[in-house]
Amino acid sequence: MTSSPIPPCPSCPPHAAGGHGCAVYSSSVTDAESRTLEPLLPAPGSTAGRGGRPEKHCRRLIVDAILYIVRGGMAWRQLPVEFPPSGTVYAVFARWSHSGAWQHIVDALRDRLRVRDGRDRCPTAAIIGSQTVPDADTVPRSSRGWDGGKRTNGVKRHIAVDVNGLLLAVVVTVASIQDRDAAHRLLAALRGRFSTVRLAWADGGHHARLPAWAKDVLALAMQIIKRIPGSTGFHVRPRVWVVERSFAWINKHGRCVRDYETRPDHREAMVHIATIATMTRRLART
């Protein structure tokens, strides 16, 4: 990836001597994207009234570094020298993951896209699905599992999206967890965050008892979309294709093609960041 300098951005710390130019890679945010993201970022710790030093590095440059990692799929220590130190970037990523900041940004961007498309801010329907992702050899065995159906050693991403394919909830488990078991956690998380959702669709990999459980426990109607009897190979199934397309959007980011994380919140954060990059660029085009 090549880079080129641009003038100092508005988020550069005021104490930075002379300012500095932000490196521009294909994964970097544009000025329009930065204006969308900047108000959604967590406030600096030094502004919370508890003391602390002002931030040393430009926040836009920190975001660009995180997006560079997620888009390119490289290790944190392989950050180019134009970015802040890798330890600093990782510390910010971990802190924002722990605070739920990535989820907050996803929610804000999704609401904005839904309103722009003429929909209500709160969704009333969802589609759920799962994806098995292989683990890197650096991930310890204690945080991964074997998916016998996909013959893959890694983790499973279970996501719920709205009818436009925008992320509503994500749960990451070891790959040995069955879809029907993880779906209980995903639907519970979905119901806890969106009381307006009244209907959910899922593919045939989910247990037939799941709709009854969702109705009795969560007051949520469910429909299982099964394969066409006698069909072979790939075919488009109603509603289910929406969540499959969402997985394709996520897999455009190298860090999400294979799992490199050991912490569940970091695994979910990678999905959130990939979704943020997709939605931010979509908003910036309008």
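Here the structure is shown first, and the text comes after it.
These notes cover the structure that comes with them.

Cut-offs used in this document
Residues numbered from 1 in each chain as written. Predicted model: local features only at pLDDT ≥ 70, side-chain atom pairs only at ≥ 80, totals over all residues. Heavy atoms only, no water. Phe/Tyr/Trp six-rings, centres within 6.5 Å; stacked < 30°, edge-to-face > 60°. Lys NZ or Arg CZ within 6 Å of the ring centre and 35° of its normal. Helix = DSSP H or I, 4+ residues; strand = E, 2+ residues; numbered from the N terminus. Buried < 20%, exposed > 50% of the residue type's maximum accessible area, 1.4 Å probe, protein only. Axes fitted to C-alpha atoms, helices over the stretch in contact; angles between N-to-C directions. Parallel < 35°, antiparallel > 145°, perpendicular 65-115°, else oblique. Contact = heavy atoms within 4.5 Å. Nonpolar A, V, L, I, M, F, W, Y, C, P; charged D, E, K, R; others polar.

### Considering the packing of aromatic side chains
Enumeration according to the criterion identifies 7 aromatic pairs in this entry. Pairing tryptophan 96 with tryptophan 102 gives two aromatic rings, centres 5.5 Å apart and planes at 65°, and the pair type is edge-to-face. When the ring centre of tryptophan 201 is taken as reference, the NZ or CZ atom of arginine 239 above it lies at 4.3 Å. Positioned over the ring face of tryptophan 249 is arginine 282, at 4.9 Å from the centre of the ring.

### What about unusual backbone geometry?
At arginine 151, a position not held by glycine, the phi torsion is positive, near 50°. Take arginine 151: it is sitting in the loop between β2 (145-147) and β3 (152-161). A relative accessible area of 64% means that arginine 151 is categorised as exposed. Positive phi outside glycine occurs at arginine 239, with the angle close to 70°. Within the fold, arginine 239 resides in the loop between β6 (221-225) and α7 (240-250).

### Digging into the packing of helix α2 (residues 59-72) against helix α3 (residues 86-99)
As a packed pair, α2 and α3 sit with axes 10 Å apart at the nearest point and diverge in direction by 85°. Regarding the angle of α2 to α3, the classification is roughly perpendicular. Taking contact as the criterion, the partners of Arg59, Ile62, Val63, Ala65 and Ile66 in α2 are, on α3, Thr88, Val89, Val92, Phe93 and Trp96. In terms of residue class, the contact of α2 with α3 is made up of 8 nonpolar, 1 polar and 1 charged.

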